[in-house]
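These are the residues of each chain, in order.
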Amino acid sequence: MEVTLVLLRRRMRHQGKSERVGGVQFIGKSLLRVLLLSVVLVSGCAKHETPAVVVYTALDEMYSRPILEEFERTKGIKVETVFDTEASKTTGLVQRLIAEKQRPRADVFWNNEVVQTIVLRNERVTAPYISPAAETIPPQFKDPQGYWAGFAARGRVIIYNTDLVKDPPTSILDFAKPEWAGKAAIAKPLFGTTATHVAVLFAEWGSDKAKGYILGLRHNNVAVLPGNATVRDMVAQGEYAVGITDTDDANGAVEDGLPAKWLWPDQEEGGIGALLIPNTVALIRGGPNPEGGKALIDYLLSPEVEGKLARMRSMQIPLKPSVTVPEGVPKLSEVKAMRVDFNKAAEKMRIAQVFTQQEFVR
Amino acid sequence: MNVPRCWSLQLYTMLTVALFIAVALLPAGFGLGSSLWVDGRLDVSAYRAVLAEGRQWGLLRNTAAIAAGTTLCAAILGVSAGLALTCVGTWARKALGCGFAVSFLTPPYIAAIAWIDLLGNNGTVARTAKLWFGDGVRLPGIYNIPGVVFVLTLSYYPIVACATFLAFRRFDRRLEEAALLAAGKLRTFRSITFPLLAPAILTSALCVFMLTLVGFSVPSLLQVNAYAAEIYTQFSAFHDFPAAAAQAAPFVLCGGAALALWASYVRPKRAWLTGVRRPQPPLSPRWPARAAATVFAGGIVLVSAVLPVAVLVGRAMPLRSFIEALRTAKEEIATTALLGAATASIAACLAFSMAYLARVRPRIGVLFSLSLAPFLISGPVLGMGLIRLWDRPGPMALVYDGIGVVLLACAGRFLFFAHQGVVAALGELHPNLEEAAAVTGLAWWRQMGGITLPLLWPSLVAVWGLIFVLSAGELEATVLVCPPGVTPLSVRLFTLMHYGPSRLVAALSIITVVLILAGATLTLWAYGQARKAVHVGR
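Residues numbered from 1 in each chain as written. Chains lettered and ligands numbered in written order. Predicted model: local features only at pLDDT ≥ 70, side-chain atom pairs only at ≥ 80, totals over all residues. Heavy atoms only, no water.

**Describing the overall build of chain A**
Short version of the rule: To qualify as a helix, a DSSP run of H or I must reach at least 4 residues; to qualify as a strand, a run of E must reach at least 2; elements of each kind are numbered from the N terminus. In these tables, accessible area is a Shrake-Rupley quantity obtained with a 1.4 Å probe, and a residue counts as shielded only by the protein chains included in the view.
A tally of helices and strands in chain A yields 11 helices and 10 strands. For chain A, the accessible surface area stands at approximately 15400 Å², while carbon and sulfur atoms represent 55% of it.

**Some points on the confidence of the model for chain B**
It should be kept in mind that the predicted coordinates are not to be read in detail where pLDDT is low. The line we're drawing: Per-residue confidence from the predictor is reported as pLDDT, a score between 0 and 100.
Within chain B, residue pLDDT values average 86, and 95% of them lie at 70 or more. Model confidence for the complex: the whole-complex pTM is 0.82, and ipTM, which rates the interface, is 0.75.

**Regarding the packing of helix α22 (residues 432-439) of chain B against helix α23 (residues 444-472) of chain B**
All names here are of chain B. Selection rule: Simply put, an axis is a line fit to the C-alpha atoms, just over the touching stretch for a helix, and the angle between two N-to-C directions goes from 0 to 180 degrees. What sets the label is the angle itself: under 35 degrees gives roughly parallel, over 145 gives roughly antiparallel, 65 to 115 gives roughly perpendicular, and the rest give oblique. Contacts are assigned to residue pairs with any non-hydrogen atoms lying within 4.5 Å of each other. Each residue receives one of three labels: charged for Asp, Glu, Lys and Arg, nonpolar for Ala, Val, Leu, Ile, Met, Phe, Trp, Tyr, Cys and Pro, and polar for the others, Gly being one of them.
α23 packs onto α22 with a crossing angle of 170 degrees between their chain directions and a minimal axis gap of 10 Å. Taken together, the axis directions place α22 and α23 in an arrangement best described as roughly antiparallel. Contacts between α22 and α23 involve Leu433, Glu434, Ala437 and Ala438 from the first element and Gln447, Ile451, Thr452 and Leu455 from the second. Of the residues that constitute the contact of α22 with α23, the class distribution is 5 nonpolar, 2 polar and 1 charged.

**What to know about unusual backbone geometry**
The peptide bond linking Met317(B) to Pro318(B) adopts the cis configuration, its omega dihedral lying at 5 degrees. Note that Pro318(B) resides in the loop between α14 (287-316) and α15 (320-328). Phi is positive for Arg124(A), which is not a glycine, with a value near 60 degrees. Following the sequence through the fold, Arg124(A) ends up in the loop between α4 (115-122) and β4 (126-127).

**As for the packing of aromatic side chains**
Stated precisely, the cut-off is as follows: Think of it this way: a Phe, Tyr or Trp ring, Trp meaning its six-membered ring, pairs with another when their centres are within 6.5 Å, and the plane angle makes it stacked under 30 degrees, edge-to-face over 60, tilted otherwise. Buried residues are those whose accessible area, probed at 1.4 Å on protein chains only, stays under 20% of the maximum for their type, while exposed residues exceed 50% and partly exposed ones sit between those limits. Throughout this description, the term charge over a ring refers to an Arg CZ or Lys NZ atom that lies within 6 Å of the ring centre and within 35 degrees of the ring normal.
In this structure the tally under the stated criterion is 18 aromatic pairs over all chains. Ring geometry for Trp262(A) and Trp264(A): centres 5.5 Å apart, planes at 80 degrees, overall edge-to-face. Between Phe189(B) and Phe194(B), the aromatic rings sit 6.2 Å apart at their centres with planes inclined by 45 degrees, giving tilted as the arrangement. Its relative accessible area of 37% is what places Phe194(B) among the partly exposed residues. In this structure, Lys209(A) is placed above the aromatic ring of Trp205(A), and the distance from its NZ or CZ to the ring centre is 4.7 Å.

**Section: the environment of Ala226(B)**
Residues and elements named next belong to chain B. By secondary structure assignment, the location of Ala226 is in the loop between α10 (217-221) and α11 (227-238). Sequence separation between Ala226 and Pro318 is 92 residues; the distance between their C-alpha atoms is 37 Å. The contact partners of Ala226, leaving out residues within four places of it in the chain, are Leu59, Thr63, Ile66 and Pro219.

**Notes on the pattern of salt bridges**
Keep this limit in mind: Think of a salt bridge as a Lys or Arg side-chain nitrogen and an Asp or Glu carboxyl oxygen that are within 4 Å of each other.
Per the counting criterion, the structure on display carries 25 salt bridges over all chains. One salt bridge in this structure joins Arg156(A) and Asp246(A), with 2.8 Å as the shortest N-O distance. Taken together, the residues Arg156(A) in strand β5 (residues 149-161) and Asp246(A) in strand β8 (residues 242-246) connect sequence positions 90 residues apart. Side by side, Arg156(A) and Asp246(A) carry an identical accessibility label, which is buried. Because the salt bridges share partners, they merge into one network encompassing Arg96(A), Glu100(A), Arg103(A), Arg105(A), Asp391(B) and Asp401(B).

**Considering the state of the cysteines**
Here is the rule we go by: Note on disulfides: each one is a pair of cysteine sulfur atoms within 2.5 Å.
Considering all chains together, one arrives at 0 disulfides over all chains under this definition. Left unpaired, Cys87(B) is separated from the closest cysteine sulfur, that of Cys162(B), by 16 Å.

**What to know about helix α5 (residues 108-119) of chain B**
An α-helical turn contains 3.6 residues, so a residue and the one three or four places further along point in the same direction. Residues and elements named next belong to chain B. Definition in use: Helices are assigned an expected span. That span is 1.5 Å times one less than the residue count.
Compared with the 16 Å implied by 1.5 Å per residue over 12 residues, the 15 Å span of α5 between its first and last C-alpha is a close match. Counting buried positions along α5 yields 11 of 12 residues, so the element is predominantly enclosed. Within α5 the residues assigned to the buried category are Pro108, Tyr109, Ile110, Ala111, Ala112, Ile113, Ala114, Trp115, Ile116, Asp117 and Leu118.

**Considering the environment of Gly150(A)**
Residue and element names in this part refer to chain A. Relative to the assigned elements, Gly150 resides in strand β5. For Gly150, a relative accessible area of 0% corresponds to the buried category. Separated by 37 residues in sequence, Gly150 and Glu113 have C-alpha atoms that sit 8.6 Å apart. For Gly150, the contacting residues outside a window of four places in its chain are Ile137, Phe141, Lys142, Pro278, Asn279, Thr280, Leu301 and Leu319.

This is the structure:
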């Protein structure tokens, strides 16, 4: 027994050496390689020395990224961006900003609508900043205390398929009428501009009338699609005859030569008018780089940015009178806009979301 | 195997358990716990509200239909494909194996993007049908439960196919030969072959069931309301942690029940498969059968791997789209590669430590079986748990504000798979070498470093590769927690998606698939090298 153990011990020593050559050395080398690779990758992803501005933006990446890249180039300030997904448009970022209120990571919130920005103000997530660039913005599109400022608006419009519809609806109320039963579509009213639209209706009409209208849509089998872009696509493809969407999406269908047109709703005498929703920008309270944030806000509110957004496929309507409107882009003065108290709409947002979730998301 | 108690092993155990708790248990606990612990007290009102809502039954029906349908279809397709693979020639097997690998390694949401382009309302098929049969033609479409089942089946059937193929090669063929002396081929297959393959098939089907149950990306893209998508909505629309977490309860119940059934009926029979250790040579059927099997398996690969990739490449053309995608997504590609490599390293190391400790201290294995929890509660709830746990001032912020939180999300989600992989590899390692070393008085850590680790190295490399590919495509938890400046490709893709593939989305999808395939190929090469280097003990 003793002899066996001694032999085994010797063999273990020998085996230990051979394993070190065959196995342990190989493992050591492999670990070293992984370590080196990680160092290279980490150094490649290392932070820039100048403090970056962190912006959360709900505007589609294809439109917001070139603007932010231009800001980086001209101002020399690095921008770190968090975009919103189409599945949780605007609302996802708003909830994230509320969750991070005690320890904000963002400096600026660039929203593609206004009501959720006011929700953030009410939640004390944003800080006041009156940008010199906001001076010429019409007063209904900015907060008097500087908690937010609007620029480059989009409108809620009716899109229709020209092959299927000769006499399109002219009011959003028509969507609850029997002649459009099963032929109309809207986006999921929990997110983005559709959520804003519903909240505005709750604020302007009162809860009872707004709920009646929503129920009317449901009973009329109005389809609820995931996003405004989907509404555009489905109408252009003839899946649905008419829909409510945003001007940028509707214009995309027209530019692509699809059989679709759009019109401003409720423009007749006594009509409520079309809902115009500006982009909004707000400074985050206690953000890590307030000075950088203010520089970005000044840039976003500049006439150049409004001009760029108007010239893009999104065709956003400039709010500043000084911006030259490209051909084909509607002028602010040409549209009969809905008179909206966005603050009241912000108060109704939660009620509107809960109601529409119960009715539409099954 | 038992190792005497000593302070160094105690310390190692404590460190491993602490890391396990930080990576897996705490995020899962904070995620699920937020439905029970509201404003500092126990509160079950979130569950009451969930049960009282009529629309929950619709969600439950949709989720169950997707999970059960996908599992069944993937099992049927996978078993057929796996059996076909056993009949084909060597080169065909290698080529088809690569095809299966491409299907599995392509993240399901990328496959969904391709299928939307092909079968969507205005997809290639619909346009062609309209051209041929006029505008009146109506196709079933893809935006429904069968559409989700179809996409997920084609993504997950390779799991079943691979398990079937390996099981078929491992069981003792003499049993079949003995049965054939008295019975026909069909009866032999029904009575002998299939029962011997069944544990492997059921295990892989359980994997598919769990992956489908908690996945939210494909139902979300195909506009089907399922629980995982609903959790994401509850979080992003209302920031209602309790309601969102309460909706993860069906996952835990269904997943737990399925796992309990597996542990009771399937696991004990797993030993049947280890009757023959070395893989047996493949079958050599006559040429008609071989040709039929090749055509069948080739057809599956064509539909599940070649077609989606070709659709995406076609959509992304011209070539400059790829250059543009590469230019705008440099940082995302680097982040994804770093994230995948780092997550895989963390998960493989932790899984090895857990499996080794469970081997020397079997009782601790019960604790480590909870590694399934972060996966089972679904990605969004795990993401919420991580936010609640790490979004705090002080040192915790270092994790939450950087890539650390994304690493934890991926490592936590996939730790179970890493752990199971290492446990399986360790289970096949006979303890005689370690026992012999222990008899000579070698310290436990030298046994582990000098014997167990080198022998297990090839398996660890394989586990590393598995976690790399899973992490590189992870979306469900990452989309909630990724901080500013840290955007993996999966999140960028999901951000760009407008429920239809644009040129940039298609190009980025192909880049993601190539990155994952590159990782898998590198792992395969490293696995081969490791097998060559560590040749003792097998």
